[in-house]
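Chain by chain, the residues:
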Amino acid sequence: MSGESAGSPTSGMALLVDDFLLYLATERGLSTNYQLSTQRSLETFYHWLEKSPGIVRPQDVTPAHITDYLTHRKKAGLAAASIKLEAVALRIFFRFLLARHQLRDNPAENLPIPRIERYLPETLNRPQVERLLESIDETGPFGLRDRAMVELLYASGLRVSELCNARLENLFLDDGFIRVHGKGAKTRIVPVGSKAREAIERYLAQERPTLISKKSGAEVFLSVRGKKLTSQRIWQLLKKYAARAGLEENVYPHLLRHSFATHLLSGGADLRIIQEMLGHSDISTTQVYTHVDASGLKKVHKKFHPRG
């Protein structure tokens, strides 16, 4: 990097961070968003190190440096969840350096990961979901597309990015499934309920052909210009339909994913099945839904999902 002395921690750490990010992308297959988040965390750390005397090489970093850094970030007002992400990034980075024989000892080996309060996910109840869906006029402009999108978000618990990137070749409507490419380049198969299948079929037959342009790809949901819809546009559409339905709740795409999981669980579906459908790598992420409603994949979905 220009303007940096050869012996500064920034120059040496920057190269190692680049190697680490390449490892995350090529060997671990982690998402671009995760890589960017990790890069920001590590860059903030090694720029902070420049102000610490006696640190010339990564080998000079001690557990006390890392603890002092995280304390500094907390005093600067960083949220507990963000501090936890930074602590995890530092732990796996120094573990990587140790494995690559860049360090003799790992200064982050015993770094405690801050515990954060787990907030219960917001959800819509079933009548509210029905009101949202029924607020979409299928006879209006893009009504078939928008109904199909919202039905699929709720029926299959997709992330909004997964909905944007859904492609025709990954739809198996006759079999009642969609192949989803989720976080970390992981692929999963998720059931699509009968109501969503019918809505998607109407859209594909009647409206999508009118949206196709020379710029169109194989994405299922197209914009007025024939390109794939953006996450921001889907947020805007949900806000519009929520207002039309008279819903006072803050309605956003992930709210339908939360509602999908909660309604399956309250209907009696097994938590491991819900974990698989959501694409959670850790069951503890899915377990949060057990606090929301205490009250063979396709069969489970059809039996327990209200629109299966």
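Residues numbered from 1 in each chain as written. Predicted model: local features only at pLDDT ≥ 70, side-chain atom pairs only at ≥ 80, totals over all residues. Heavy atoms only, no water.

Peer 1: With reference to specific residues and values, describe the pairing of strand β2 (residues 177-181).
Peer 2: Residue alternation in β2 divides its side chains into a buried set, I178 and V180, and an unburied set, F177, R179 and H181. Relative to β2, strand β1 (residues 171-172) runs antiparallel, the two sharing 2 bridges. Across the sheet, L171 pairs through a bridge with I178, a residue of β2. Here β1 folds back onto β2, and the loop between the two strands holds 4 residues, one of which, G176, carries a positive phi near 80°. (Buried < 20%, exposed > 50% of the residue type's maximum accessible area, 1.4 Å probe, protein only. Helix = DSSP H or I, 4+ residues; strand = E, 2+ residues; numbered from the N terminus. Pairing = 2+ DSSP bridges.)

Peer 1: Let's hear about the confidence of the model for the chain: which residues, and what values?
Peer 2: Mean pLDDT over the chain: 85, with 90% of residues reaching 70 or higher. Within the model, pLDDT remains below 50 along residues 1-7, and this stretch shows 8 contacts once partners closer than five positions in the same chain are excluded. (pLDDT = per-residue confidence, 0-100. Contact = heavy atoms within 4.5 Å.)

Peer 1: Explain the pattern of salt bridges to me, and be specific about the residues and the numbers.
Peer 2: Two side chains bearing opposite charge may form a pair once their charged atoms approach each other closely. In this structure the tally under the stated criterion is 10 salt bridges. For the salt bridge of E151 with R147, the shortest nitrogen-to-oxygen distance reads 3.0 Å. Taken together, the residues E151 and R147, both in helix α6 (residues 143-156) and 4 residues apart, mark about one turn of the helix. As far as the burial class goes, E151 and R147 line up, both buried. Taken together, the shared-partner salt bridges in this structure form one network comprising E134, E138, R147, E151 and R202. (Salt bridge = Lys/Arg side-chain N within 4 Å of Asp/Glu carboxyl O.)

Peer 1: Quick one: what's the story with the environment of P63, residue by residue and with numbers?
Peer 2: Counting through the fold element by element, P63 comes out in helix α3 (residues 63-75). Judged by relative accessible area, P63 falls into the partly exposed class, the value being 49%. Taking the C-alpha atoms as reference, P63 lies 7.4 Å from L111; in sequence the two are 48 residues apart.

Peer 1: Pulling in residues and values, what's your account of a negative patch on the surface?
Peer 2: On the surface, D174, D175, E198 and E201 cluster together to form a negatively charged patch. Here E201 shows up in helix α8 (residues 194-211). (Patch = residues over 30% accessible without salt bridge, like charges linked within 9 Å, V, L, I, M, F, W, Y side chains within 5 Å. Areas by Shrake-Rupley, 256 points an atom, 1.4 Å probe, with all protein chains shown as cover. Lys, Arg positive; Asp, Glu negative; His and termini not counted. Charge placed at Lys NZ, Arg CZ, Asp CG, Glu CD.)

Peer 1: Describe the side chain of N106, naming the residues involved and giving the relevant values.
Peer 2: You can see N106 is positioned in the loop between α4 (80-99) and α5 (126-134). The class of N106 is buried, set by a relative accessible area of 10%. From its side chain, N106 meets the backbone nitrogen of A108 in a polar contact 2.9 Å long. Ignoring anything within four residues of it in the chain, the contact list for N106 reads R91, F94, R95 and L98. (Polar contact = N/O pair within 3.5 Å; in protein donor to acceptor, adjacent residues only side chain to side chain.)

Peer 1: Which residues make up the sheet that holds β1, and what values do they have?
Peer 2: In a beta sheet, neighbouring strands are held together by backbone hydrogen bonds and run either parallel or antiparallel to one another. A sheet is described by the order of its strands in space; here 3 strands give the open sequence β1-β2-β3, paired in antiparallel fashion. The sheet terminates laterally at β1 and β3 (187-191), the two strands that pair on one side only.

Peer 1: Tell me what's going on with the packing of aromatic side chains, and back it up with residues and numbers.
Peer 2: Counting across every chain of the model gives 11 aromatic pairs. With 5.5 Å between their ring centres and 20° between their planes, Y203 and F221 make a pair best called stacked. Here Y203, found in helix α8, pairs with F221, found in the loop between α8 and α9 (231-245); they are 18 residues apart in sequence, far enough to count as distant. Of the two residues, Y203 and F221, both sit in the buried class. Between W235 and Y252, the ring centres sit 5.9 Å apart and the planes meet at 20°, which makes this aromatic pair stacked. A residue pair is termed long-range when its members are at least 10 positions apart, and W235 in helix α9 and Y252 in the loop between α9 and α10 (253-266) qualify at 17 residues. One aromatic cluster in this structure is built from F20, Y23, F45, W48, Y69, F93, F94 and F96. (Phe/Tyr/Trp six-rings, centres within 6.5 Å; stacked < 30°, edge-to-face > 60°.)

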